[in-house]
Amino acid sequence: LGEVWLCSGQSNMEMPMKGYRDQPIFGGNDAIFHSTNDQIRLYTVPRSVQRTPQDTSKNSPWRIAEPEAVSNFSATAYYFAKMLQERLNVPVAVINISYGGSPVEAFMDAETLKQFPEITVPSATDTAKLNNRVATVLYNGMLKPFLGYTIKGCLWYQGESNNDRPQQYETLFPAFVKQIREQSGQGDFPFYYCQIAPYNYYNYAAVNAINNNSAYLRDAQRKALAKIPKSGIAVLMDIGEEFNIHPGDKATGSKRLAYMALAKTYGLKGFGYESPSFESIAVSGNTITVKFSGAPNGLTSYGKVLQYFEVAGANKIFRPAKALISGGTIVVSAPDVKDPVAVRYAFKDFVMGDLFSTEGFPVSSFRSDDW
């Protein structure tokens, strides 16, 4: 009869096709104008913070894709549905359960969060005023009512509000995915997520700590891929905006999610569908060779000099490195690091990635160290 995908997260998933005030979706108006399609159905769960788990959400109607409905619907979810519907030629429905500025623990239940005693969970008798940054409240009010609804898979775009706790996110995020899969009763359904885009987080008022280089959170998301079965990550290293936490190019990230779904979930072949992943390093003298998986046709910088590799010796001080593509690997060295032991790529708060697969998928920022 068709396909249903659950789409969730914080403001970058919530961001509507018409854009936020003073923050556009690139090409959004034209896409809205041409959006009429009775084979695409849209459902947005209204915002709701609740102290205890609810069986139903606030009322909201299913909408058929047409300009008025699409303009107010999640751009990431809509572009994904549009691409799936065109390629599969079946009806596609997307459910949007998002709330801007929310940490992942807001979407988690109290039982799962017992694994994380450092996270405060409100009790049913608490009287303190709730907001969307409080653990469990969005699970209770928005997510739980849908966890028995039959879906094909889930899309997720979140992480900005956990930017100050990247180490915790490495286990918190996979625990969240395990929770919604178990409670949905549909096995390990496909789970595809966007990596947060590079951005100058010193300007992000929602995060109290300003010490964090957001590359650590992106690295936590990269590492989570190995901990979450049947998952995929859409890397956004090439579309970030230094002073806008909501990149206007939502079509590119959504297209990458759709490529993954079409290849990994629906079995279509003949096209690239995911970014290369850092695999390992090999040290030889003063050079490090970086190996990748998921790059069967190699790597490219589109003829430009790679600028964002760094190497460090045992002193843990990173220095800019010369990097060359060689047979699908990267060979790096720095003249003032005679005995390198670690390498990092694009490990900065804001950076425009310059390393891609031959098919055009950007490589995530990564580090070989755990310092």
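Our subject in this report is the structure included herewith. (Residues numbered from 1 in each chain as written. Predicted model: local features only at pLDDT ≥ 70, side-chain atom pairs only at ≥ 80, totals over all residues. Heavy atoms only, no water.)

**Overview of the nonpolar core**
One recurring pattern in soluble globular proteins is that nonpolar side chains are buried together.
For step 1, the next point in the chain: One finds Phe173, Phe176, Phe309 and Ile330 to be the most contacted residues of the largest nonpolar core, which totals 71 residues.
For step 2, the next point in the chain: Of the residues forming this core, the biggest block, seven residues, is contributed by helix H6 (residues 166-184).
For step 3, the next point in the chain: Ignoring any residue separated from it by four or fewer positions in sequence, one finds Phe309 in contact with Arg319, Pro320, Ala321, Ala323, Ile330, Val332, Val343, Arg344, Tyr345, Leu355 and Phe366. (Core = buried A, V, L, I, M, F, W, Y, C linked by side-chain atoms within 4.5 Å. Buried < 20%, exposed > 50% of the residue type's maximum accessible area, 1.4 Å probe, protein only. Helix = DSSP H or I, 4+ residues; strand = E, 2+ residues; numbered from the N terminus. Contact = heavy atoms within 4.5 Å.)

**Considerations on the pairing of strand E13 (residues 322-326)**
For step 1, the next point in the chain: By the bridge criterion, five bridges tie E13 to strand E14 (residues 329-333) in an arrangement that is antiparallel. Residue pairing in the sheet places Ala323 in a bridge with Val332 of E14.
For step 2, the next point in the chain: Counted between consecutive antiparallel strands, the loop separating E13 from E14 contains two residues, among which Gly327 sits at a positive phi close to 60°. (Pairing = 2+ DSSP bridges.)

**Focus on the sheet that holds strand E5 (residues 153-157)**
For step 1, the next point in the chain: Taken in spatial order, the seven strands of this open sheet run E3-E2-E4-E1-E5-E6-E7, and their pairing is mixed. A single partner strand is all that each edge strand has here, and the edge strands are strand E3 (63-65) and strand E7 (231-234). In this sheet, adjacent strand axes meet at a mean angle of 25° when their direction is disregarded.
For step 2, the next point in the chain: For strand E2 (residues 37-44) and E3, the ladder comprises three bridges, and the chain directions are antiparallel. In the sheet register, Asn37 faces E3, and the bridge partner there is Ala65.
For step 3, the next point in the chain: Packing of helix H4 (residues 75-88) onto the sheet brings it into contact with strand E1 (3-9), E2, strand E4 (92-98) and E5, and relative to E2 it is tilted by some 150°. (Axes fitted to C-alpha atoms, helices over the stretch in contact; angles between N-to-C directions.)

**Considerations on the pairing of strand E15 (residues 342-345)**
For step 1, the next point in the chain: Because side chains alternate across E15, one face comprises the buried residues Ala342 and Arg344, and the other comprises Val343 and Tyr345, equally buried.
For step 2, the next point in the chain: The pairing of strand E11 (residues 309-312) with E15 spans four bridges and is classified as antiparallel. When the sheet's bridge partners are listed, Glu310 is paired in E15 with Arg344.
For step 3, the next point in the chain: In the sheet, E15 pairs with strand E17 (residues 366-367) via two bridges, with the strands oriented antiparallel.

**Some details on helix H7 (residues 215-224)**
For step 1, the next point in the chain: When you tally the buried positions in H7, you get eight out of ten residues, the bulk of the element.
For step 2, the next point in the chain: Residues of H7 that are buried: Ala215, Leu217, Arg218, Asp219, Ala220, Gln221, Arg222 and Ala224.
For step 3, the next point in the chain: Elements in contact with the buried residues of H7: H6, strand E6 (191-194), E7, strand E8 (277-284) and E17.

**Re the pattern of salt bridges**
For step 1, the next point in the chain: Evaluation of the coordinates by the stated rule reveals 17 salt bridges.
For step 2, the next point in the chain: As a salt-bridge pair, Glu14 and Arg47 come within 3.0 Å of each other at their nearest N and O atoms. Of this pair, Glu14 sits in helix H1 (residues 11-14) while Arg47 sits in the loop between E2 and E3, and the two are 33 residues apart along the sequence.
For step 3, the next point in the chain: For Arg47, a relative accessible area of 41% translates into the label partly exposed.
For step 4, the next point in the chain: Asp164 serves as the salt-bridge partner of Arg165, at 3.7 Å between the closest nitrogen and oxygen.
For step 5, the next point in the chain: Its relative accessible area of 22% is what places Arg165 among the partly exposed residues.
For step 6, the next point in the chain: Assessed through its relative accessible area of 28%, Asp164 is described here as partly exposed.
For step 7, the next point in the chain: The network of salt bridges with shared partners includes Glu170, Asp219, Arg222, Lys223, Lys227, Arg344, Arg367 and Asp369. (Salt bridge = Lys/Arg side-chain N within 4 Å of Asp/Glu carboxyl O.)

Fair warning: the whole summary comes from geometry, so function is off the table for now.
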